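Reading the structure
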Amino acid sequence: MSSYRTVAILVLFVALANAKIYDRCEFAREIQTYGVPYEQVAVWTCIAQHESEYNTAAVNWSSGDHGIYQISELYWCSTSDTPGGGCNALCSQFEDDYIGDDTACAQLIYGQMGFPAWTTYQYCNGDVSSYIAGC
Ligand SMILES: *[C@@H]1O[C@H](CO)[C@@H](O)[C@H](O)[C@H]1NC(C)=O
């Protein structure tokens, strides 16, 4: 019992250690360092807010969506122990606090499907300037 509890606490600690909640402006700045064009930044910041509230560890177990952009395991990443899907990635790598790989995958999805690949784009296809205001 006590060793089970130790493991449970350890797992919780690791999960918390790898999770990061981005500040809106921090997200907007950082994705540009991964090559996201400036004219897309406000839209991505809006999408990430609606998909995950900038939580890198967000997972929707019913839809199978992972990370800050809620990338779908149905098409883009693999839940097995070998990388797969359209982004040739592990879904679990989209749940850690490094969002460079998430952003590269989101850009690949965007290149194939555009922003409508995200259902939350319905909230982000108008004036999104407020998402990067003051950044
Ligand atoms: C998880 O995905 C389902 C199915 O797409 C959706 O209805 C639900 O709102 C999502 N949950 C969250 C917390 O985003």
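Scroll up to find the structure this text is about.
What this report covers is the structure whose coordinates are included nearby. This is a predicted model, so every value here is computed, not measured.

Moving on to the site of the ligand. Inspection of the region around the ligand gives N60, S62 and S63 as its neighbouring residues. In this structure, S63 approaches the ligand through a side-chain N or O atom, which is 3.3 Å from an oxygen atom.

This next bit is on the packing of aromatic side chains. Counting across every chain of the model gives 10 aromatic pairs. When the centroid spacing of 4.9 Å and the interplanar angle of 65° are considered together, the rings of W44 and F115 count as edge-to-face. Of the two residues, W44 is situated in helix 3 (residues 38–52) and F115 in the segment after helix 4 (100–113); the sequence distance between them amounts to 71 residues. Per residue, the accessibility class of W44 equals that of F115, and both read buried. Here a set of aromatic residues connected by ring pairs shows up, and it is made of Y22, F27, W44, Y54, Y69, Y110, F115, W118 and Y121.

Spatial strand order, 1-2-3: 3 strands in an open sheet with antiparallel pairing. Edge strands, defined here as strands with exactly one partner in the open sheet, are strand 1 (59–60) and strand 3 (71–72). Sheet analysis places strand 2 (residues 65–66) next to strand 3, joined by 2 bridges and oriented antiparallel. Paired with H66 across the bridge in strand 3 is I71.

This paragraph deals with the environment of N125. Its place among the elements puts N125 in the segment after helix 4. Residue classification places N125 among the exposed residues on the basis of a relative accessible area of 52%. For the pair N125 and V43, spaced 82 residues apart in the sequence, the C-alpha separation amounts to 7.4 Å.

Here we come to helix 2 (residues 24–33). All buried positions along helix 2 are accounted for by C25, F27, A28, E30 and I31. Contacts made by the buried residues of helix 2 are with helix 3 and helix 4. Capping the start of helix 2, D23 holds a side-chain oxygen 3.1 Å from the backbone nitrogen of C25, two or three residues further along. With its phi angle positive at about 95°, G35 sits one or two positions after the end of helix 2.

What counts, and at which threshold
- Residues numbered from 1 in each chain as written.
- Predicted model: local features only at pLDDT ≥ 70, side-chain atom pairs only at ≥ 80, totals over all residues.
- Heavy atoms only, no water.
- Near = heavy atom within 4 Å.
- Polar contact = N/O pair within 3.5 Å; in protein donor to acceptor, adjacent residues only side chain to side chain.
- Phe/Tyr/Trp six-rings, centres within 6.5 Å; stacked < 30°, edge-to-face > 60°.
- Helix = DSSP H or I, 4+ residues; strand = E, 2+ residues; numbered from the N terminus.
- Buried < 20%, exposed > 50% of the residue type's maximum accessible area, 1.4 Å probe, protein only.
- Pairing = 2+ DSSP bridges.
- Contact = heavy atoms within 4.5 Å.

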